[in-house]
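Fold and contact review
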Amino acid sequence: MALWRIRATVDDRPGYLSVLTASLALRGVNILTVQVHTTEVGAVDDFLVDAPEQVTEAELRAAVERGRGRDCWVARSEARGLADEPTRVLGLAARLVRDPEATGATLRTLLGADAVTWRPTPADTPGGVGGTAMLLADPAGGAYELRRREPSFTPAEYARAQALVELAATLGRRDTDRVTLVLPDGAEVSVRPATADDDVPAVRELHAGCSARSRQRRYLSGAADPSPARLRRLLEPARGSTLLVTAGSGGAAEPVVAMANLLGEGDEAEAALLVRDDWQRRGLGSALLRRLLGHADRAGYAAVLLHVQAENTPMLRTLRRLDRPVALERDGGVLTATLPLAPVPASPAGRGAGSAVPAPAGCGTGTALPAQASNGLPSQRSGPI
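How each quantity is defined
- Residues numbered from 1 in each chain as written.
- Predicted model: local features only at pLDDT ≥ 70, side-chain atom pairs only at ≥ 80, totals over all residues.
- Heavy atoms only, no water.
- Phe/Tyr/Trp six-rings, centres within 6.5 Å; stacked < 30°, edge-to-face > 60°.
- Lys NZ or Arg CZ within 6 Å of the ring centre and 35° of its normal.
- pLDDT = per-residue confidence, 0-100.
- Contact = heavy atoms within 4.5 Å.
- Helix = DSSP H or I, 4+ residues; strand = E, 2+ residues; numbered from the N terminus.
- Buried < 20%, exposed > 50% of the residue type's maximum accessible area, 1.4 Å probe, protein only.
- Polar contact = N/O pair within 3.5 Å; in protein donor to acceptor, adjacent residues only side chain to side chain.
- Core = buried A, V, L, I, M, F, W, Y, C linked by side-chain atoms within 4.5 Å.
- Axes fitted to C-alpha atoms, helices over the stretch in contact; angles between N-to-C directions.
- Left-handed = near helix turned anticlockwise from the far one by under 90°.
- Nonpolar A, V, L, I, M, F, W, Y, C, P; charged D, E, K, R; others polar.
- Pairing = 2+ DSSP bridges.
- Right-handed = clockwise from strand over helix to strand, strands pointing away.
- 1 Å grid on protein atoms, 1.4 Å probe; cavity = no way out; pocket = protein on both sides within 12 Å on 5 of 7 lines; lining within 4 Å.
- Points joined across faces, edges and corners; volume = space filled by probe spheres on them.

**Details of the packing of aromatic side chains**
Inspection of every chain in the model, using the stated rule, returns zero aromatic pairs. One cation-aromatic arrangement involves Arg68 over Tyr16; the distance from NZ or CZ to the ring centre is 4.8 Å. Here Arg76 stacks its cationic end above the ring of Trp4, 4.8 Å away from the centre of that ring.

As structure tokens, this is what we get:
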């Protein structure tokens with residue numbers, strides 16, 4: 001017996017598929033798996049079959065045509081073709097997780113493409129599937145062009161390929177955002193994007209390790225720990241990003257010592273930080289806030305807002321050291337700091353932008369670089385979490 005792959009278009013009408021399978025059965029052909037690709041011209045059926053050794057490609061093609069199949073393609077297959085398609089796609093996705101740079105090779109394996117070419121210019125018509133050519137939009141910029149001699153690509157194959165490209169782009173962004181910071185005192189920490197599926201327990205431990213005062217400065221509405229559901233929304237916001245800081249090498253066993261949130265709404269984003277007490281006043285808050293501003297700038301936001309208690313002197317010092325113009329508005333005991341992201345010309349006097357932040361009454365003017373950046377968001381003011 002020999003393994004073959006057969007692909008043919010069959011009219012999507014009752015009984016037509018059974019006619020084709022009966023025609024194959026007359027030649028002693030056993031159908032092992034079948035996938036159905038819906039297209040505008042009919043159902044494209046992709047079979048993996050086991051046929052007697054003496055059956056030739058021409059005989060298989062003739063059997064398909066007698067069974068009312070058209071646009072037939074037949075090719076020898078290997079034992080690895082026995083793996084079902086979902087399992088095969090999941091295996092390729094796991095390969096991308098290990099090596100996001102293997103996108104081209106993964107697409108070639110997924111679709112049996114003869115050539116995969118990445119082009120720096122975006123696709124003129126994203127989502128294009130035409131015959132034996134396919135164009136995939138790369139979320140990171142540019143496009144992938146795939147070609148194979150036969151058979152023609154189907155919309156289902158395009159959807160699988162585009163999903164893998166988007167997975168690779170997501171992994172690439174996360175690898176880019178994963179950095180090691182060396183603090184002024186020589187300590188090393190790792191900064192990485194948060195994931196709701198994996199990081200809720202570690203972030204709950206972070207909250208448990210913070211004092212009630214630090215948590216109250218972060219949320220402005222009591223010192224209770226956020227619920228797991230609230231943490232999941234913070235870790236993967238619909239618009240924005242969340243960064244976590246782990247001590248040491250950043251391995252799975254390393255504790256999370258800080259969390260930085262950027263939540264977008266309209267053309268503005270709100271930033272908030274929580275730093276564990278024993279990691280405050282070490283420059284960590286300043287470094288995280290600068291990274292959040294960089295994220296917001298690249299995302300195209302016009303400004304970043306921070307809500308800070310008027311007595312939170314360390315955070316106000318951090319804002320003054322950002323070398324950016326900052327406007328402050330006071331509402332009772334809470335200050336709203338607005339940091340515009342559009343370039344602003346230097347003042348004639350040549351003063352640094354950081355000097356635009358006045359020190360509210362009662363705030364100290366020391367020069368130590370603090371990192372106690374525990375500010376909150378408007379939606380978190382009105383009561384415990």
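From this point, the narrative continues.
**Remarks on the confidence of the model for the chain**
Mean pLDDT over the chain works out to 81, with 82% of the residues at or above the 70 mark. Residue range residues 344-385 is modelled with pLDDT below 50. Its contacts to residues more than four positions away, or to other chains, number 114 contacts.

**Side note on the side chain of Thr336**
With respect to the element layout, Thr336 can be found in strand S16 (residues 334-340). The exposure class assigned to Thr336 is buried, which follows from its relative accessible area of 18%. In this structure the side chain of Thr336 is engaged in a polar contact, spanning 3.0 Å, whose partner is the side chain of His307.

**Here we look at the nonpolar core**
In this structure, Trp279, Leu284, Leu306 and Leu319 are the most contacted members of the largest nonpolar core, which totals 37 residues. Secondary structure elements with two or more residues in this core: strand S10 (188-193), strand S11 (240-247), strand S12 (256-265), strand S13 (268-275), helix H9 (284-299), strand S14 (303-309), helix H10 (313-320) and S16. The next biggest cluster of nonpolar side chains, apart from the first, holds 20 residues, and it includes Leu111, Val116, Ala161 and Leu171.

**Structural notes on the packing of helix H1 (residues 16-25) against helix H2 (residues 57-66)**
Put simply, H1 and H2 touch, their axes get as near as 8 Å, and they point 145 degrees apart. In the crossing of H1 with H2, the sense of the turn from one axis to the other is right-handed. Across the interface between the two elements, Leu20, Ser23 and Leu24 from H1 touch Leu60, Ala63, Val64 and Arg66 from H2. Looking at the contact of H1 with H2, its residues break down into five nonpolar, one polar and one charged.

**Considerations on the pairing of S13**
Counted residue by residue, S13 has seven buried out of eight residues, so it is predominantly covered. Strand direction decides the pairing type here: S12 and S13, joined by eight bridges, are antiparallel. Along S13, the bridge assignment pairs Glu265 with Glu268. From the end of S12 to the start of S13, which pair antiparallel, there are two residues, and Gly266 there has a positive phi angle of about 65 degrees. Across three bridges, the pairing between S13 and S14 is parallel. Looking at the pairing, Ala269 lines up with Val304 of S14. Tracing the backbone out of S13, into H9 and back to the parallel element S14 gives a crossover that is right-handed.

**Let's talk about the sheet that holds strand S3 (residues 42-51)**
Ordered in space as S2-S3-S1-S4, the four strands form an open sheet in which the pairing is antiparallel. At either margin of the open sheet sits one strand with a lone partner, and together these are strand S2 (30-39) and strand S4 (70-76). Shown here is a sheet whose adjacent strand axes are inclined to one another by a mean of 15 degrees, direction ignored. Note that S2 and S3 share nine bridges and pair antiparallel. Its bridge partner being in S3, Val34 is matched across the sheet by Phe47.

**With respect to helix H7 (residues 212-219)**
Along H7, the residues that are buried comprise Ser214, Arg215, Arg217, Arg218 and Tyr219. As for H7, its buried residues are in contact with helix H6 (196-209), helix H8 (228-235), S12, S13, S14 and H10. Backbone geometry just after H7 places Leu220 at a positive phi near 60 degrees.

**Some words on the layout of surface pockets**
By volume, the largest pocket is sized at about 1,000 Å³. Contributing to the lining of the largest pocket are 33 residues, with Arg5, Arg88, Thr109, Leu110 and Gly112 lying nearest its centre. At the level of elements, strand S1 (2-10), S2, S3, S4, helix H3 (85-98), helix H4 (103-111) and helix H5 (155-177) are the ones that each hand at least two residues to the lining of the largest pocket. A per-class count over the lining of the largest pocket returns ten nonpolar, seven polar and 16 charged.

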